Amino acid sequence: MDLTLAILKPDCVRRKLTGKAIDFIESKGFKTLCMKKVKLDRPQAEAFYAVHKSKNFFNDLILFMTSGPCIPMVLQKEEAVTEFREIIGATDPKKAKEGTLRKLYADNVQENIIHGSDSMENAKKEIAFFFPLTEIIS
Ligand code: CMP
């Protein structure tokens, strides 16, 4: 079975939506292998989002992701990466399909409550960023 990395972002935690988000994810058949609450510092957030360094929203993204605790999670399902991106919806909630997590709860393209890995290769790197192998319960 495949794995993907999700992060319940600081807006999700701040707005007390973590229970609803986890319930939604589990109701779609994902198994939660690990999760923890962390507060990223600037170097950690910059490293995690290094691929977006050249984007004009990079600094705002780093300020947002360091604005409070977030909850990274390792999720397991067949085709986990694509299935998860399907259930969370488009990055911009205005463009997200009905019934997706972002359509239901996200405020805007930055504060979009949740992150999901965009490829199996990135899922592997992103999981390793937050979780040592010894913490992953399979
Ligand atoms: P995420 O899936 O975590 O990947 C990169 C993040 O950058 C994205 O979710 C948003 O939080 C943010 N982001 C992407 N595009 C924009 C944009 N056009 N303006 C502001 N923030 C963005």
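So, a few notes on the structure that sits alongside this text. (Residues numbered from 1 in each chain as written. Predicted model: local features only at pLDDT ≥ 70, side-chain atom pairs only at ≥ 80, totals over all residues. Heavy atoms only, no water.)

## Examining the site of the ligand
Cut-off, in case you're wondering: Whether a residue is near a molecule or strand depends on its heavy atoms: if one lies within 4 Å, it is near. Pairing of N or O atoms within 3.5 Å defines a polar contact, subject to two protein rules: one partner must be a possible hydrogen donor and the other a possible acceptor, and residues neighboring in sequence count only if both atoms are side-chain atoms. Surface exposure here means Shrake-Rupley accessible area, sampled with a 1.4 Å probe, where a residue is shielded only by the protein chains that are shown. The rule is simple: put a 1 Å grid over the protein atoms alone, call a set of points where a 1.4 Å probe fits but cannot get out a cavity, call an open set with protein on both sides within 12 Å along at least five of seven lines a pocket, and count a residue as lining if it has an atom within 4 Å of a point. What decides whether a molecule sits in a cavity or pocket is whether more than half of its atoms lie within 2 Å of the grid points.
Lining the immediate environment of the ligand, one finds Lys9, Tyr49, His52, Phe57, Leu61, Thr91, Arg102, Val109, Gln110, Asn112 and His115. Take His115: an N or O atom from its side chain is 2.9 Å from an oxygen atom of the ligand. For the ligand, whose unbound accessible area comes to 460 Å², protein coverage reaches 79%. Judged by the proximity of its atoms to the pocket grid, the ligand belongs to the largest pocket.

## Re the packing of aromatic side chains
Geometrically, a pair of aromatic rings is defined through the distance of the ring centres and the angle of the planes. The following threshold applies: Classification of ring pairs uses Phe, Tyr and Trp, with its six-membered ring standing for Trp, and accepts pairs whose centres are within 6.5 Å; under 30 degrees between planes counts as stacked, over 60 as edge-to-face, and the remaining range as tilted. Strands here mean DSSP runs of E at least two residues long; helices mean DSSP runs of H or I at least four residues long; both are numbered from the N terminus. Working definition: with a 1.4 Å probe on protein chains only, accessible area under 20% of the residue-type maximum means buried, over 50% means exposed, and in between means partly exposed. As a reminder, the over-ring test applies to NZ of lysine and CZ of arginine, requiring each to be within 6 Å of the ring centre and within 35 degrees of the ring normal.
Applying the stated rule across the entire model yields 5 aromatic pairs. With 5.4 Å between their ring centres and 50° between their planes, Phe48 and Phe130 make a pair best called tilted. Highlighted residues: Phe48 in helix H3 (residues 42-48) and Phe130 in helix H7 (residues 120-130), separated in sequence by 82 residues. Of the two residues, Phe48 and Phe130, neither departs from the other in class, the shared state being buried. The interplanar angle of 70° and the centroid separation of 4.9 Å between the aromatic rings of Phe129 and Phe130 together place this pair among those described as edge-to-face. Taken together, Phe48, Tyr49, Phe129 and Phe130 form an aromatic cluster joined through their ring pairs. Over the face of the ring belonging to Phe30 we find Lys77, whose NZ or CZ atom lies 5.1 Å from the ring centre.

As far as function goes, none of this settles anything; it's purely spatial.
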